[in-house]
Amino acid sequence: MNALLEASDLRRHYQVRAGQGLLAARATLRAVDGVSLALHAGRTLGLVGESGCGKSTTGKLVLGLVPPSAGTVRYRGEALPSVGTPAWRALRRRIQMVYQDPLGALDRRLPVGRQIEEPLAIHEETTPAERRERALAAMDSVGLQPHQYGRYPHELSGGQRQRVVLARALMTGPDLLVCDEPISALDVSIQAQVVNLLLDLQERLGIAYLFISHDLKVVRQVSHDVAVMYLGRVVEQGEAESLFAAPAHPYTRALVSAIPTIGPRRERLLLQGDPPNPVNVPPGCAFHTRCPFATAECRAEVPALQPSADGRLVACHRIHEPALKVAA
Amino acid sequence: MVAPLVALRGLSVDFENGGRSSRAVDGISLEIAPGEALGIVGESGSGKSVTWLAALGLLPGRARVSGSVRLEGHELVGAPAATLEQVRGRRIAMIFQDPSSCLNPVHRIGWQLVEALRLHRGLDGRASQAEALRLLDQVGIADARRRLHDYPHHLSGGLNQRVMIAMALAGQPDLLVADEPTTALDATIQAQILALLGGIRRDTGMALVLISHDLGVVAENVDRVAVMYAGRLVEEAPGADLFGAARHPYTQGLLAALPSLTGPRHRLAAIPGTVPDPWNVPAGCRFAPRCPVAEARCAGTAPPARSIGFRHVSACHRQVEAGFSVWALPRAAE
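Residues numbered from 1 in each chain as written. Chains lettered and ligands numbered in written order. Predicted model: local features only at pLDDT ≥ 70, side-chain atom pairs only at ≥ 80, totals over all residues.

Student: I'm lost on the overall build of chain B in this one. Help?
Tutor: Tallying secondary structure elements over chain B gives 12 helices and 12 strands in all. Compactness check: chain B gives a C-alpha radius of gyration of 21 Å against a globular reference of 20 Å for 334 residues, within 12% of the reference. In terms of principal-axis extent, the alpha carbons of chain B reach across some 65 × 50 × 45 Å. Scored against the burial criterion, the 334 residues of chain B give a buried share of 46%. Across chain B, the fraction of contacts at a sequence separation of at least 24, relative to all contacts at a separation of at least 6, is 63%. (Helix = DSSP H or I, 4+ residues; strand = E, 2+ residues; numbered from the N terminus. Rg over C-alpha atoms; globule rule 2.2 N^0.38 Å. Buried ≥ 20, exposed ≤ 12 C-beta atoms within 10 Å, placed from the backbone. Contact = placed C-beta atoms within 7 Å.)

Student: Looking at this structure, I do not really get the interface of chain A and chain B. What am I missing?
Tutor: How big an interface is tends to be stated in terms of accessible area lost as the parts join. With 32 residues of chain A at the interface, the matching set in chain B holds 36 residues. Residue contributions to the side of chain A that touches chain B peak at 8 residues, all from helix H7 (residues 188-205) of chain A. Residues that form the side of chain A that touches chain B fall into these classes: 16 nonpolar, 10 polar and 6 charged. (Nonpolar A, V, L, I, M, F, W, Y, C, P; charged D, E, K, R; others polar.)

Student: Hey, could you run me through the pairing of strand S1 (residues 5-17) of chain A in this one?
Tutor: Residues and elements named next belong to chain A. Relative to strand S2 (residues 26-39), S1 runs antiparallel, the two sharing 11 bridges. Residue Tyr14 lies in a different strand from S2, and its bridge partner there is Leu29. Here 5 bridges tie S1 to strand S4 (residues 70-75), and the two strands are oriented antiparallel to one another. Note that in S4 the partner of Glu6 across the bridge is Arg74. (Pairing = 2+ DSSP bridges.)

Student: Got a minute to help me understand helix H1 (residues 48-55) of chain B in this structure?
Tutor: For H1(B), the buried fraction is high: 8 of the 8 residues fall into the buried class. Along H1(B), the residues classified as buried are Lys48(B), Ser49(B), Val50(B), Thr51(B), Trp52(B), Leu53(B), Ala54(B) and Ala55(B).

Student: Could you clarify how one ought to interpret the confidence of the model for chain B in this entry?
Tutor: If pLDDT is low for a region, its predicted coordinates should not be looked at in detail. Residues at a pLDDT of 70 or more form 98% of chain B, whose mean pLDDT is 91. Scored as a complex, the prediction yields pTM 0.90 and ipTM 0.87. (pLDDT = per-residue confidence, 0-100.)

Student: Please clarify how the sheet that holds strand S5 (residues 74-75) of chain B should be interpreted in this entry.
Tutor: Hydrogen bonds between backbone groups are what pair the strands of a sheet, and the pairing can be parallel or antiparallel. All names here are of chain B. Pairing within the open sheet is antiparallel, and its 4 strands lie in the order S2-S1-S4-S5. Sheet topology places strand S2 (20-32) and S5 at the edges, where each strand pairs with a single neighbour. Strand contacts of H1: strand S1 (6-17), S2 and strand S4 (63-71), with the helix running at about 105° to S1, the strand carrying the most contacts. (Axes fitted to C-alpha atoms, helices over the stretch in contact; angles between N-to-C directions.)

Student: For this particular structure, what's the right way to read the sheet that holds S4(A)?
Tutor: Residue and element names in this part refer to chain A. Overall, antiparallel pairing links the 4 strands, which are arranged S2-S1-S4-S5 in an open sheet. Either end of the sheet is taken by a strand with one partner, and the two such strands are S2 and strand S5 (78-79). The strands touched by helix H1 (residues 55-63) within the sheet are S1, S2 and S4, with S1 carrying the most contacts at an inclination of about 120°.

Student: Honestly, the domain arrangement of chain B in this entry has me stumped. Any pointers?
Tutor: Residues and elements named next belong to chain B. Looking at the assigned domains, one finds that chain B contains domain 1 (6-222) and domain 2 (247-328). Once you take the C-alpha centre of each, domain 1 and domain 2 turn out to be 30 Å apart. Each partner contributes to the interface: domain 1 provides 7 residues, whereas domain 2 provides 6 residues. The class makeup of the residues in the side of domain 1 that touches domain 2 is 2 nonpolar, 2 polar and 3 charged. (Domains from an automatic or database assignment.)

Student: Honestly, unusual backbone geometry in this entry has me stumped. Any pointers?
Tutor: Note on backbone geometry: most residues besides glycine have negative phi, and most peptide bonds are trans. Residue and element names in this part refer to chain A. Positive phi outside glycine occurs at Asp9, with the angle close to 50°. Along the chain, Asp9 turns up in strand S1. With 12 C-beta atoms counted inside 10 Å, the residue Asp9 sits in the exposed group.

Student: Help me out: how do you make sense of the packing of helix H4 (residues 112-123) of chain A against helix H6 (residues 158-170) of chain A in this one?
Tutor: How two helices sit against one another is set out by the angle between their axes and by the gap between those axes. All names here are of chain A. Where H4 meets H6, the closest approach of the two axes is 7 Å, and the angle between their N-to-C directions is 30°. It follows that H4 is roughly parallel to H6 by the angle criterion. Where H4 crosses over H6, the handedness of that crossing is right-handed. Each of Val112, Gln115, Ile116, Glu118 and Pro119 in H4 lies in contact with H6, whose residues at this interface are Val164, Ala167 and Arg168. Of the residues in the contact of H4 with H6, the class split is 5 nonpolar, 1 polar and 2 charged. (Parallel < 35°, antiparallel > 145°, perpendicular 65-115°, else oblique. Left-handed = near helix turned anticlockwise from the far one by under 90°.)

Student: Honestly, the packing of helix H5 (residues 125-138) of chain B against helix H7 (residues 157-170) of chain B in this entry has me stumped. Any pointers?
Tutor: All names here are of chain B. Remark: H5 packs on H7, axes separated minimally by 9 Å, with the N-to-C direction vectors making an angle of 125°. Between H5 and H7, the angle falls in the class oblique. Read as a crossing pair, H5 and H7 show a hand that is right-handed. Between H5 and H7, the residues in contact are Leu135, Leu136 and Gln138 and Ala166, Leu169 and Ala170, respectively. Per-class residue counts for the contact of H5 with H7 are 5 nonpolar, 1 polar and no charged.

Printed below as a string of structure tokens:
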């Protein structure tokens, strides 16, 4: 199957000052450090990880909003054109972004209907009447009422605002949406509405999603495949249901077991300490400082992301040892 | 039954805003036994935080608090400031979602801990230093002696929340009110903090009120759960009953809206509509406009809280039968 979007060995490094003051030494922050992903048409890839793991930066790299330090992004087999060129602008119609905070993504001084129309004014030659008609159609497809066309963002609830953002993203007929924590700012009862809406839109329009979230339960609900990131790298990737049912990488196991759930108690793999500073990533496997199974090899050598028995990709030196499974 | 440690009776809070008054909390009655862990669940605007801020007299002047809050029989609503000073921190301590905004950025951690110890326990000099070290140790901060000299911005969110918990423990409170204590933290750090709170409760016998929007967090960490919606208590029950056999349509809806981490994936039941604004709440049952089984009387009169089982209370006219979910009805949820 040909990928809709393919990222290979993406890296994004930032030069920062380590410590305080002007004289502090320069250091490199490796926000994303060698990430390869493939997104297929009409499918959802979930990207999970804790804050600072580079999942949002990966989303921006895929869109070309942030230029990579190294690596390539290919859309339908072609390299992503450089930002600002007409070719890039044409491509941006096909790939849209949805952010966490809909109020921040909307203009408070414009009625939402006008904002939904705006992508058409930018990307296509249309008359105002056409634009209005298509905006109303988009509003209908995300469950907004026609009378809400003239409302301002502050007059709508959080869930309705996120629907406005989605309607706007749909105006140019994209085939990929990068959703960065699209429902994290919403209440529990509204989250379910937006999750269902995203699934309906995918079924109807065949849109692919890169779904970035820290909420594992929601990611499992919407994703076909999931990639787990830790300190700028993918540590495990595979089919969503099997990955959450039987996580293989020790970090994924800790992350999944840390999710509070209703129902019978599960075994919990409690990690010690905080994730290391991304400016000062430990040598070897970045997770070894918190990993209960780390050995000398883990401290020295970076494990490669390798396929295991069932097609799952895992980056762990000790993954084939049966002892690891018992120890948890 | 043991005499309650804290008892709220008909607690209401009104906010005056430019001549317009809105009721954020409407007649909440709740009890907490010594050493008990009570979870308060609700979405934004449900009044779950305001209830406890009101109980401790921490709301601004434009809030009018009525009803009763008793700590071992002593009334706190309308009590003089001096009485509340004796309660806050010493008998009932509170921690919040964002630890870095609750710590003073210009003072070292050690200084802030010592201040709390002087205020609440009258400790000074070497004794307070030793106690500060012991507290940091108790909340699992490694290398406590060095951390005493750190500023809050030197520490991660998880460490700052541990410091907040240490400060809350400084007064050896009988009750800790934790308002979304792990919402700002990553999953693996959240698990650490919740395990820490559980351990402290086992060691000290402190009671806990855990306020959270996360049903999973509440399910795993408390004995009893109260569900709030738009300023009112809608259901209250022991954890196993509430999560296993919820009877109020709103509670059932919250549970049905949650994706699961195991088992087959199926479409979520989404509660239609949105939470009402506090200045524009519906008459009668406040959940009626979103409720799939609402009748005419639901929009007319507010349902009283009724006992429907052992320590299980639900405020619903419909008295949904046990084992039946109103969201399982065809198309109820769209």
